[in-house]
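What follows is the residue order along each chain.
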Amino acid sequence: MLVGVYDGGLTGIDTYAEQVAIAGAAAGNDVTLLTTTPDLADSLRDRLRDTGIRVVSLDLARPTRHEAMAARFWPSAALSRLNGGLTRAGRRLDEVFSVAHLNHPGLSEAARPLATRVCVAAWFYPHDMKGRVLETWRHTGGPGARSLVLVGKSIAHYYNDVRGYRNADCVVAPTKLLADQLLSQGVDAVVCPPPVRGPKDVTPAPDSQELQPDSRASSGVRLLVCCGDLSHPRKNVSAALRSMQLLSRTDRGVTLELIGRNGAALASQVASLPSHVTARFTGPLPAAEVQSRMRAADILLVPSLFEEWGYVAVEALLCGTPVVTFPVYPFADMLSPDFGARAEDMSEHAFADAIERVLDRGRPPDLAAEAQSRFGSQSVGRRLTEVWRSLS
């Protein structure tokens with residue numbers, strides 16, 4: 001197996017490459033993971049030393065400031081860099097893999113000399129030009145220069161996907177909704193959720209907010225929001241704050257912890273919260289500490305207007321914590337009743353009602369095990385291996 005390309009970013013697409021490599025190795029495959037730079041290769045080798053995964057660098061230089069800026073606004077620039085690295089790697093590696101599995105569909109043509117079969121991951125739903133433009137416009141804030149730029153990026157991503165799907169032997173979609181749409185367009189697609197390596201046993205830091213399960217009842221309701229940028233319009237954190245006004249848990253009190261950057265942008269809303277609600281901003285935290293706080297929370301709130309895949313929701317489920325979302329993609333496919341709840345509509349009242357429903361039900365004792373069975377590395381690794389073998 002050849003898996004790639006990991007570029008060290010904070011997006012789910014880079015996470016996907018690493019997690020697919022881990023899942024593939026856990027299922028007994030001989031896995032080589034491609035990454036872009038030598039320093040990232042060293043970091044991955046250290047992080048994955050217990051997995052048996054071989055890490056190979058494409059030996060690309062880190063992008064200059066101008067190159068990084070160009071890639072930020074024009075996805076084809078970033079793709080061109082990765083395609084060039086793959087082409088040179090083919091000459092240097094001098095071997096052909098059974099299957100290449102790529103996180104960027106647009107790399108499928110460059111990967112052809114490296115593998116007998118090529119799989120690519122699908123991300124954005126819906127896969128059509130008009131739908132993609134409308135969806136991007138809606139979840140990036142509407143009229144304004146920022147939304148126009150992001151719509152332009154989405155169009156470039158769409159055409160990169162079209163070319164990538166055409167040059168792949170198989171497209172792996174995270175949801176049935178997206179897989180069915182691709183199949184209706186003549187794309188050979190299968191459903192398989194992105195794998196997630198479950199949280200390791202973590203000893204909370206001395207200042208950790210984690211509580212033992214038997215102490216939760218007396219401590220009040222503990223809710224958690226976690227995202228990279230709390231002020232991003234697509235993350236819609238302000239809606240979660242507005243829903244706090246509508247919760248009826250005044251007898252126990254409510255603590256809302258927000259993990260991520262730019263919490264100050266929400267200061268005015270926090271100031272207007274009722275007295276029984278306390279909001280606490282932590283800033284960004286290390287992964288182990290995030291997992292510790294997930295386990296301590298009663299619910300993870302994901303008020304996003306759209307996600308290509310809800311990695312943070314899966315991480316919470318693997319920690320045994322239910323999730324509340326709005327009725328948006330991809331959560332209809334992700335959240336079974338035991339995993340949490342989706343709001344009935346896009347209003348704050350509906351979001352607050354969903355929170356109340358989950359609090360009333362409590363935390364299912366087998367939630368983490370069920371999430372591991374559906375989203376964990378071992379189970380998804382077996383499913384991916386079936387997909388890879390079906391191509392030979």
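Residues numbered from 1 in each chain as written. Predicted model: local features only at pLDDT ≥ 70, side-chain atom pairs only at ≥ 80, totals over all residues. Heavy atoms only, no water.

Visitor: Looking at this structure, I do not really get the overall build of the protein chain. What am I missing?
Guide: Helix and strand counts for the protein chain come out as 17 helices and 13 strands. Along the first, second and third principal axes, the C-alpha atoms of the protein chain reach 65 × 45 × 40 Å. By residue count, 53% of the 392 residues in the protein chain fall in the buried class. Carbon together with sulfur atoms contributes 52% to the accessible area of the protein chain, which is approximately 17100 Å² in total. (Helix = DSSP H or I, 4+ residues; strand = E, 2+ residues; numbered from the N terminus. Buried < 20%, exposed > 50% of the residue type's maximum accessible area, 1.4 Å probe, protein only. Areas by Shrake-Rupley, 256 points an atom, 1.4 Å probe, with all protein chains shown as cover.)

Visitor: Sorry, what's going on with the pattern of salt bridges here?
Guide: If charged atoms from side chains of opposite charge come close, those side chains can pair. Per the counting criterion, the structure on display carries 17 salt bridges. For E289, the salt bridge goes to R293, with nearest N and O atoms at 2.9 Å. With E289 and R293 both in helix α12 (residues 287-296) and 4 residues apart, this pair spans about one turn of that helix. Each member of the pair E289 and R293 is classed as buried. Bridged by salt links that share partners, the residues R234, K235 and E307 form one connected network. (Salt bridge = Lys/Arg side-chain N within 4 Å of Asp/Glu carboxyl O.)

Visitor: Just to check I follow, could you spell out the environment of D46 for this structure?
Guide: Assignment of secondary structure puts D46 in helix α2 (residues 38-47). For D46, a relative accessible area of 48% translates into the label partly exposed. Taking the C-alpha atoms as reference points, D46 and H104, separated by 58 residues in sequence, lie 24 Å from one another.

Visitor: What is the right way to look at the packing of helix α1 (residues 12-26) against helix α17 (residues 377-390) in this model?
Guide: When two helices pack together, you describe them by how their axes are tilted relative to each other and by the distance separating the axes. Contact pair α1 / α17: the axes reach a minimum separation of 7 Å and the direction vectors enclose 85°. Taken as axis vectors, α1 and α17 run roughly perpendicular relative to one another. Of α17, the residues touching α1 (which contributes Q19, V20, I22, A23, G24 and A26) are S377, Q378, G381, L384 and W388. Residues of the contact of α1 with α17, tallied by class, amount to 6 nonpolar, 5 polar and no charged. (Axes fitted to C-alpha atoms, helices over the stretch in contact; angles between N-to-C directions. Parallel < 35°, antiparallel > 145°, perpendicular 65-115°, else oblique. Contact = heavy atoms within 4.5 Å. Nonpolar A, V, L, I, M, F, W, Y, C, P; charged D, E, K, R; others polar.)

Visitor: Sorry if this is basic, but what is going on with the sheet that holds strand β8 (residues 221-229) here?
Guide: Spatially, the 6 strands line up as an open sheet ordered β10-β9-β8-β11-β12-β13, and their pairing is parallel. Only two strands of the sheet have a single partner each, and these edge strands are β10 (277-281) and β13 (340-342). Ignoring which end each strand starts from, the neighbouring axes of this sheet average 20° apart. Relative to strand β12 (residues 323-325), strand β11 (residues 299-302) runs parallel, the two sharing 3 bridges. Paired with L301 across the strands is V324, a residue of β12. (Pairing = 2+ DSSP bridges.)

Visitor: For this particular structure, what's the right way to read the sheet that holds strand β7 (residues 189-191)?
Guide: Across a sheet, paired strands are connected by hydrogen bonds in the backbone, their directions being either parallel or antiparallel. Across the sheet, 7 strands lie side by side as β3-β2-β1-β4-β5-β6-β7; this open sheet has parallel pairing. Only two strands of the sheet have a single partner each, and these edge strands are β3 (54-57) and β7. When strand polarity is set aside, the average angle formed by the axes of neighbouring strands in this sheet is 25°. Where strand β1 (residues 2-6) lies against strand β4 (residues 97-102), 3 bridges are found, and the strand directions are parallel.

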